[in-house]
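# Summary of structural features
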Amino acid sequence: MRKIFLAAINAGIRPAQDIDELKKIRGLNMGCLLGMAVAFLLAILNAVTGFYPLAVLHFSVILVSCCIILLQGRGLYRVAHYVGVLEIMIISCFAAIAYHNSMEILLLLNILAVVLLFEMRREQWVLSLMNVALFTWIRYYNDHYPPLIAQAPFSRHILSYVNGSLILGILIGYYKREQQRNRRQLEAMNLELKEKAATLENLNRVKEKILSILSHDLRQPLASMKTLLSMADDVGPEYFSTFTKRVETHVDNVMLTLENTLRWSYSQMKGITLLPQDVSMEEALLPLPQQFAEQLRNKQITLSLSVSPEYKAYVDPEHLTIVMRNLLSNAIKFTREGGEIRITVALEAEHLVVTVADTGIGMDQEMLERLFDLEQHFTRYGTGNERGVGLGLMVVKELVTLNEGKIRLQSEVGKGTTVVLELSLP
């Protein structure tokens, strides 16, 4: 029964219709269903009390109301509007003249239907004036002429007023409910538009950042390497071979920078896929000294690694590799020649704690507060004039957070920086 009711209420609803059109369609369908219910009860009452023509008239109301719902279901909205308005005019006029039962009161309610269903001012005025004219004529006729069929008892006058008031109250309540629902829909749409606007703004920031990186931060080191390689024909092989390791280091730095840029931009636009598993920290960290051997050798930095074979973390192994490469790369970048970097892994409470500490140039409190803020994004040169794009720590924080971990930094100018990671246990 509920499905039939909802199907009748939504007859004629189309996806592309605006809120006002939907309100009209549902309102007319609701009015027809309400009229059918009242007409059915009145038809039974009239049949029992001997008002047979009036009973037939109310049964005709049920049939016409069904036709209006079918017309709306077929998309003939304008025809359905006219049929609904004319139905009330004809039925109320006939009942009022035939029985003097105050059914003409429906003509005044019909004006409300005209205003709600029709948009054109001319149609509203013409149909409203027709209802007022019929109401006035019926009042005059009933005061001067007898009923065409029979005089209705006084109780029928009361029933007409109650019927009209009931219909008016239900329709006003329904339209108020529809208005509240439409307001909620508009609020939801506005919220969705705000979210989309924020997404577009974020994508624009990502685009601008990528263009800035590609146009300056990556082009500059690549141009320097190209210049260096072009000197191969001007200097001897023995002299040029001394630069090859340095070129290799620059290439590694550029590759890491490019990887950070691409990963960060991809995460901002499409998100990052997480595939966590039990990872041996020893297996994950042991390759680091070899990967950064040339950078460590060039700056004569000592790297110490302390990790127990049984320590494991529940993380995405690829994410852990990127995080540790970035942290070690930053530590080397900002540590002076002859400095020291310590990587330790320890078990604390319910977390595995990874600490990367260096004896580098450090940072003040203001720099620490700006590290993870894209709006206040900044970069600075390392102790060996190395340059990055400032996205390494942003990528680190994003990956650590995605793996349900935590990151915190402690730093003091001139004494170094310590990065502490808290990772989940298996």
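Our structure is the block above this text.
So, here's what we can say about the structure. (Residues numbered from 1 in each chain as written. Predicted model: local features only at pLDDT ≥ 70, side-chain atom pairs only at ≥ 80, totals over all residues. Heavy atoms only, no water.)

### Comments concerning the side chain of Thr-417
- Checked against the element boundaries, Thr-417 lands in strand S7 (residues 416–424).
- The class for Thr-417 is buried, based on a relative accessible area of 9%.
- Of the polar contacts made by the side chain of Thr-417, one reaches the side chain of Ser-411; its length is 2.8 Å.
- If we skip the residues at most four places from it in the chain, Thr-417 touches Val-356, Ala-357, Asp-358, Gly-362, Met-363, Gln-410 and Ser-411. (Helix = DSSP H or I, 4+ residues; strand = E, 2+ residues; numbered from the N terminus. Buried < 20%, exposed > 50% of the residue type's maximum accessible area, 1.4 Å probe, protein only. Polar contact = N/O pair within 3.5 Å; in protein donor to acceptor, adjacent residues only side chain to side chain. Contact = heavy atoms within 4.5 Å.)

### Quick notes on the pairing of strand S3 (residues 312–315)
- Burial along S3 is one-sided: Ala-313 and Val-315 are buried, and none of Lys-312 and Tyr-314, which face the opposite way, are.
- With four bridges connecting them, strand S1 (residues 277–280) and S3 associate as antiparallel partners. In the sheet register, Asp-278 faces S3, and the bridge partner there is Tyr-314. (Pairing = 2+ DSSP bridges.)

### Focus on the sheet that holds strand S6 (residues 406–412)
- With respect to topology, five strands assemble into an open sheet ordered S2-S4-S5-S7-S6, the strand pairing being mixed. The open sheet has two free edges, formed respectively by strand S2 (302–306) and S6, since each of these has just one partner strand. For this sheet the average axis-to-axis angle between neighbouring strands, irrespective of direction, equals 15°.
- As defined by bridge partners, strand S5 (residues 351–358) adjoins S7 across seven bridges and the pair is classed as antiparallel. Paired with Val-356 across the two strands is Val-419, which belongs to S7.
- Docked against the sheet, helix H15 (residues 392–402) engages S6 and S7, running at close to 145° with respect to S6. (Axes fitted to C-alpha atoms, helices over the stretch in contact; angles between N-to-C directions.)

### Observations concerning the pairing of S7
- With eight of nine residues buried, S7 is to be regarded as a mostly interior element.
- Looking at chain direction, S6 and S7 are connected through seven bridges and run antiparallel. Paired with Ile-407 across the two strands is Leu-421, which belongs to S7.
- From the end of S6 to the start of S7, which pair antiparallel, there are three residues, and Gly-414 there has a positive phi angle of about 85°.

### Quick notes on the pattern of salt bridges
- Scanning the entire structure with this criterion turns up seven salt bridges.
- In this structure, Arg-78 and Glu-123 form a salt bridge, with 2.1 Å as the shortest nitrogen-oxygen distance. Here the residue Arg-78 occupies a position in helix H4 (residues 77–99), and Glu-123 occupies one in helix H6 (residues 121–144), the gap between them amounting to 45 residues.
- The exposure class assigned to Arg-78 is partly exposed, which follows from its relative accessible area of 46%. (Salt bridge = Lys/Arg side-chain N within 4 Å of Asp/Glu carboxyl O.)

### A look at the environment of Ser-308
- The topology assignment puts Ser-308 in the loop between S2 and S3.
- Polar contacts involving the side chain of Ser-308 include one to the side chain of Glu-310, which spans 2.5 Å.

### Some words on the side chain of Ser-102
- Counting through the fold element by element, Ser-102 comes out in the loop between H4 and helix H5 (105–117).
- For Ser-102, a relative accessible area of 5% puts it in the buried group.
- In this view, Ser-102 contacts His-157, Ser-160 and Tyr-161; residues no more than four positions away in its chain are not counted.

### A word on H4
- End to end, H4 covers 33 Å across 23 residues, agreeing with the expected 33 Å (1.5 Å per residue, within 8%).
- Positive backbone phi, at 50°, marks His-100, one or two positions downstream of H4. (Expected span 1.5 Å × (residues − 1).)

### Concerning helix H13 (residues 317–333)
- The end-to-end C-alpha distance of H13 is 24 Å, a good match for the 24 Å that 17 residues give at a rise of 1.5 Å each.
- Summarising burial for H13: twelve of the 17 residues are buried, a large majority.
- Of the positions making up H13, those classed as buried are His-319, Leu-320, Ile-322, Val-323, Met-324, Asn-326, Leu-327, Leu-328, Ser-329, Ala-331, Ile-332 and Lys-333.
- Capping the start of H13, Asp-316 holds a side-chain oxygen 3.0 Å from the backbone nitrogen of Glu-318, two or three residues further along.

### As for a nonpolar patch on the surface
- A cluster of nonpolar residues, Phe-40, Leu-41, Ile-44, Val-48 and Phe-59, forms a patch on the protein surface that exposes about 510 Å² of accessible area.
- If one sorts the elements of the nonpolar patch by residue count, helix H2 (residues 19–49) sits on top with four residues.
- Tracing the backbone through its elements, the reader meets Val-48 in helix H2. (Patch = residues over 30% accessible without salt bridge, like charges linked within 9 Å, V, L, I, M, F, W, Y side chains within 5 Å. Areas by Shrake-Rupley, 256 points an atom, 1.4 Å probe, with all protein chains shown as cover.)

### Description of the environment of Gly-362
- Tracing the backbone shows Gly-362 in the loop between S5 and helix H14 (365–370).
- You can call Gly-362 buried: its relative accessible area is 6%.
- As a C-alpha pair, Gly-362 and Thr-418 span 56 residues in sequence and 9.0 Å in three-dimensional space.

### Points about the packing of H4 against H6
- Viewed as axis vectors pointing N to C, H4 and H6 meet at an angle of 10°, and their least axial separation amounts to 10 Å. The angle between the axes of H4 and H6 places the two elements in the roughly parallel class. Counted together, Arg-78, Tyr-82, Met-89, Cys-93, Ala-96 and Ile-97 of H4 and Glu-123, Leu-127, Met-130, Asn-131, Leu-134, Trp-137, Ile-138, Tyr-141 and Asn-142 of H6 form the full contact between these two elements.
- Here the contact of H4 with H6 is composed, by residue class, of eleven nonpolar, two polar and two charged. (Parallel < 35°, antiparallel > 145°, perpendicular 65-115°, else oblique. Nonpolar A, V, L, I, M, F, W, Y, C, P; charged D, E, K, R; others polar.)

### Things to note about the packing of H5 against H6
- Direction vectors running N to C along H5 and H6 enclose 175°, while the axes themselves pass 9 Å from each other. When the axes of H5 and H6 are compared, the pair comes out roughly antiparallel. On the side of H5, the interface is formed by Ile-105, Leu-107, Leu-108, Asn-110, Ile-111, Val-114 and Val-115, while H6 contributes Glu-123, Gln-124, Leu-127, Ser-128, Asn-131, Val-132, Leu-134, Phe-135 and Ile-138.

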